[in-house]
Amino acid sequence: MIQRAGRSSPEQLVRIQTLIEGLLDHDQLESLVDSALTFLKSELDYPLLWIAQYDANQSELIGLSGGLPQADSTAFSQRYPVLPGDLFDQALLTRNPIEVMNLQEEGRVGKWQKLAQRFDIQGAILYPIQYRKECVGILLLGSVHWGRNPRTEESTLLSLLTHSLGAAFNRLSQEAIEPVSTPAQPLAHLINQMSVLTDWDERVNVILKSTQQAIDPTFTGLYWLDLEENNCTLKVTYQPGQGSRLGRARPIKAQVQIAEIEPFCQALSAGQMISVSESQGTVNAKVPLRLMQQTKSRSFLCAPIMGNGHLMGFLSAEGKEPRVWQEQEKNFIQASAQLMGLSAFNPVGDNPIPASSQTQSLMGQFTQLMVESTDWPRTIKKVSEHLCRHLHTQRLLLLSQDEQTGGFRIEYQYHSPKLRPLSESLHPLSDVDRRMLERNIGAISISDLEEDLRFLAWRESLIKQGLRSLLLCRTVANSSTPQTILVLGNHRTRTWKPKEIEFLQEFAQTLGTFEQKQRDYILQQSQLKQYDLAHNGLQTLLKIEDPTQLITSGIELITHIFDGPLAAGILWIPGHTQGKIVSCHATSPEFTIADDEMIQLDQDPLFTELLHSPDQLSNPSESIIKITAKNIAPETRIWLNGPGVTQVLVIPLRSPDSPTPLGAIVLGTSENFRYKTTELQLVQTLVQQLGSRYRYLRETNLLQRQWMSLESLTWYKNRLLETNLSQLSDLQSPPASSQDESIEIQRDSHQAAIASLNTLFKTEDWQLSLAQDSIPLASILRRCMELIEPLVQSRQLWTQIHNLTSNTTLTGTSNKLELVLYELLVGACHRSKPGDRIDIWCRLINAKWVELSITDQGQLHPKFIQDFQSAKTRDLLLPSLLDKGPGRHLNACQSIIELLGGRMEIAQLEDGRILSRLTLPQQMKGNRSN
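Residues numbered from 1 in each chain as written. Predicted model: local features only at pLDDT ≥ 70, side-chain atom pairs only at ≥ 80, totals over all residues. Heavy atoms only, no water.

(A) Seen up close, the overall build of the protein chain. When you go through the protein chain residue by residue, the secondary structure sums to 24 helices and 30 strands. Taking all 930 residues of the protein chain together, 49% fall into the buried category. Here the contacts in the protein chain between residues at least 6 apart in sequence split such that 64% fall between residues at least 24 apart. For the protein chain, the accessible area works out to roughly 46,100 Å², and carbon and sulfur atoms hold 49% of it. (Helix = DSSP H or I, 4+ residues; strand = E, 2+ residues; numbered from the N terminus. Buried < 20%, exposed > 50% of the residue type's maximum accessible area, 1.4 Å probe, protein only. Contact = heavy atoms within 4.5 Å. Areas by Shrake-Rupley, 256 points an atom, 1.4 Å probe, with all protein chains shown as cover.)

Set out below in structure tokens:
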């Protein structure tokens, strides 16, 4: 509902004059209504226009005509019943316009609700067409925009039009009676005179003279508000027989402070007319008694003169005797005041008052302080102190809107030394107030919080904390949302001056520019700090070799950077149906989760969606699953049971080149914590790096296990073939004993060797078989001693077994253990010199563990011992003594012992002997290696 641009005030007055004269000349109702609609279409941008006549006897609105694109004319010529309490009824009863924010949602307009929905009409105004105190019709105007209120100039035009239409309706309905002079006739004459005048003084003279002639009071006056001096002055008067010179014949003087008539000024600012008659009493607080005393008036009628939305002054008709003001008199003076406001820009005899040098200097100082600021909190405090002192206010607030809740936080506040700071955040605004704030780029003044209906959501909180009047303005004018609001507050009611309003608007936008830069700088520094923490943390994570520890450290890093209420790492093996929580960090018990629960991946909707979602590698942000607390499934609540969590974010743990997730990072938010968009992007980057590193470690560990498994298998096969071939070779040279006994022994040994080889080839093709059997430890040691006996004899060594008990039994793969012991004894024999001792020590640690130690007096290179002890963490690309010869064999033996659940060590004792030690469980593992 925006008035068409490019029209000057004199041109507008000419068109109004032409319209009113036309309305007076029309003899037919149809042509009269068509003229009014044509005028409205040319002057205002309202898609919906409808004029209806009110039939009081039938309580109906009779549609006369209207206009709406894509609508047929039948909708505008129907009869619409006026029901008690509906908006048409209210407009007719109160004789005041009613604004409707959204006609589509308003149920008190009858059929017009469905018509609005059909033709996409939202904001609307119901303007009563009245003649004297009687409403004779309705003018309905509608817009496609929500809640677009008419400006002052539009309201003036509509008021003039509806009053003229009312007079015309009354004239046509009483054709049998001789036409009488109506307010529309002198008003049309007044408009005709003003259309040819450009001088302000001449226009004032015409308006005062016409008002005096139409109403005939003792005198007519123009009062003007001087907000710089804070007073109200009677500038010009017109009295009967005065002549053309303004205020010269019988001057009447009157002047009061605005504070003395503040309720009166507030009523006028709200667009109300004030009428006073001594016979009616003058006890109302809105009555300007001080003015009436100075002008010695006993009756008083006035209408406000508005300019740019502010009260500039008022037009009055005053009498020396009591008088009851008639409705047509009120209508005329109201129309005259509106005409004056429509064409008035400067008060009588005044030029626009320039901003004071003090104000300009102060604004320059503020700007310079903000430009040169190196300490923003100190600067804003200094600026706030000077601003409050300059505008005589007690409080300054900077409010920031929360994106999630819509409420307003107090980001900064300044107050007089004797006052306490405000402690409460402010509630979200209503839709009406929010839209008003979004549309209004200027400052908004509220003189009295208790009387004003704006910002009702804040009223109770602010009044409770002592505030009574506000002056507020957005700091970013070109934003579609309020964002940051600058508020000045007083602890008493106050009428804000236009220059104060303009100054605050200029200051707020200047402050907003620098405050936005400061906010951007703080945000940038915060982001840089987060990026530095993330970069340094990733460098540390890349050094971790254990996959589970990697995820645990990653969760700690995310928590350290963002300090979120909940972060957890969940891992699983692809193809398996269960996941495990390996790490969890919660800031308080209300965010903790059941980390001892196994997660059923195929039953939990959270992970079902994650595992079955399409590949999102092209757009990783789409792979984040977000779910609010109320939508968390019961299956998920089994483990995600923290009552403080308001939203859950699930990010899959995978590398950029593989769509298969190996786990997930779960983040929780709360009422007081939300991840910003930039923070989520950084989290995604971290999780992506974690996923890449985790997959690399899992794949590397898998390949290393497979390699060691093949190394162990190769060693075992070679050693088993070697021992069996040695036995077969020994069978070819039987000992000197009876022939039958020798043949029997040879046959048994030959069959045992063949059976061992068959088992090797059938069951251990690619993996070691760990089939279990139970055998006394003494038997294992005896067979090992038999195998190395030839080597012991040839090297002239001494061997002895210590602390062996006959009842120690081991359950496991005995042939693997035999070969490992054999490998250790062979190495000890080769290291030893002739005559050295090799001792085998047996020790029962407890009921579950046994220790076998071999000591020899040979020499072993220190680097070999070092390489063997660091075999699990060594760099595979660097040369090592474990890559060939005995070192490679012993490395394979160590892998086999670990498969059995034990531990193998090689070290040098303090006395120089070499120690080879096996720590074994009596119940060894029996599964196959992976």
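Having put the structure on the table, let's press on.
(B) Region of the structure containing the packing of aromatic side chains. Using the criterion set out here, one finds 15 aromatic pairs in the structure. Geometrically, the ring pair formed by Y80 and W112 is stacked, given 5.5 Å between the ring centres and 25° between the ring planes. Of the two residues, Y80 is situated in strand β3 (residues 79–81) and W112 in helix α4 (residues 112–119); the sequence distance between them amounts to 32 residues. Considered together, Y80 and W112 belong to a single accessibility category, that of buried residues. Members of the aromatic cluster, each reached through a chain of ring pairs, are W50, F76, Y80, F88 and W112. Positioned above the aromatic ring of W146, the side-chain terminus of R435 is 4.1 Å from the ring centre. (Phe/Tyr/Trp six-rings, centres within 6.5 Å; stacked < 30°, edge-to-face > 60°. Lys NZ or Arg CZ within 6 Å of the ring centre and 35° of its normal.)

(C) Molecular detail of the pairing of strand β21 (residues 625–628). The alternating pattern of β21 places I625 and I627 on a buried face, while none of K626 and T628, on the opposite face, is buried. Where β21 lies against strand β22 (residues 647–653), four bridges are found, and the strand directions are antiparallel. Across the sheet, residue I625 finds its bridge partner in β22, namely V650. (Pairing = 2+ DSSP bridges.)

(D) Geometry of the sheet that holds β22. Pairing is antiparallel in the open sheet, where six strands are placed in the order β20-β19-β18-β23-β22-β21. Both outer strands of the open sheet, β20 (599–600) and β21, are each paired with one neighbouring strand and no more. Strand direction decides the pairing type here: strand β18 (residues 566–572) and strand β23 (residues 663–669), joined by six bridges, are antiparallel. Looking at the pairing, I570 lines up with A664 of β23.

(E) The side chain of H163, seen in detail. Inspection of the secondary structure assignment puts H163 in helix α5 (residues 152–173). In this structure H163 comes out as buried when scored by relative accessible area, which is 16%. With residues up to four places along the chain from it excluded, the contact list for H163 reads Q130, N331 and Q334.

(F) Just the environment of S31, in detail. You can see S31 is positioned in helix α2 (residues 29–43). Judged by relative accessible area, S31 falls into the partly exposed class, the value being 25%.

(G) Spatial organisation of the nonpolar core. Counting 59 residues, the largest nonpolar core has I51, L139 and L165 as the members making the most contacts within it. No other element matches α5, which puts eight residues into this core. Each of domain 1 (10–176) and domain 2 (197–241 + 253–344) accounts for three or more of the residues forming this core. Not counting residues within four places of it along the chain, the set of residues in contact with I51 comprises V33, A36, L37, I62, G63, L64, S65, I129, I138, L139, L165 and F169. Core analysis: the next-biggest nonpolar cluster, separate from the first, contains 50 residues, I775, I838, C842 and I854 among them. (Core = buried A, V, L, I, M, F, W, Y, C linked by side-chain atoms within 4.5 Å. Domains from an automatic or database assignment.)

(H) Region of the structure containing the pattern of salt bridges. Counted by the stated rule, this structure contains 22 salt bridges. The salt bridge involving R837 is made with D839; its shortest N-O contact spans 2.9 Å. E905 is the salt-bridge partner of R903, the closest N and O atoms lying 3.8 Å from each other. Of the residues examined, R903 reaches a relative accessible area of 46% and is grouped as partly exposed. Using a relative accessible area of 28% as the deciding quantity, one classes E905 as partly exposed. It is possible to trace a salt-bridge network through shared partners that takes in R903, E905 and R917. (Salt bridge = Lys/Arg side-chain N within 4 Å of Asp/Glu carboxyl O.)

(I) Spotlight on α2. With 15 residues, α2 ought to run about 21 Å at 1.5 Å a step, and its terminal C-alpha atoms sit 21 Å apart, in line with that. Those residues of α2 not exposed but buried are L32, V33, A36, L37, F39, L40 and E43. When α2 is viewed along its axis, its buried side chains cluster within an angular range of 160° and face the same direction. Counted as exposed and oriented over 90 degrees from the buried face of α2: E30 and T38. (Expected span 1.5 Å × (residues − 1). Arc of directions from axis to C-beta.)

Distances and angles like these do not, on their own, reveal function.
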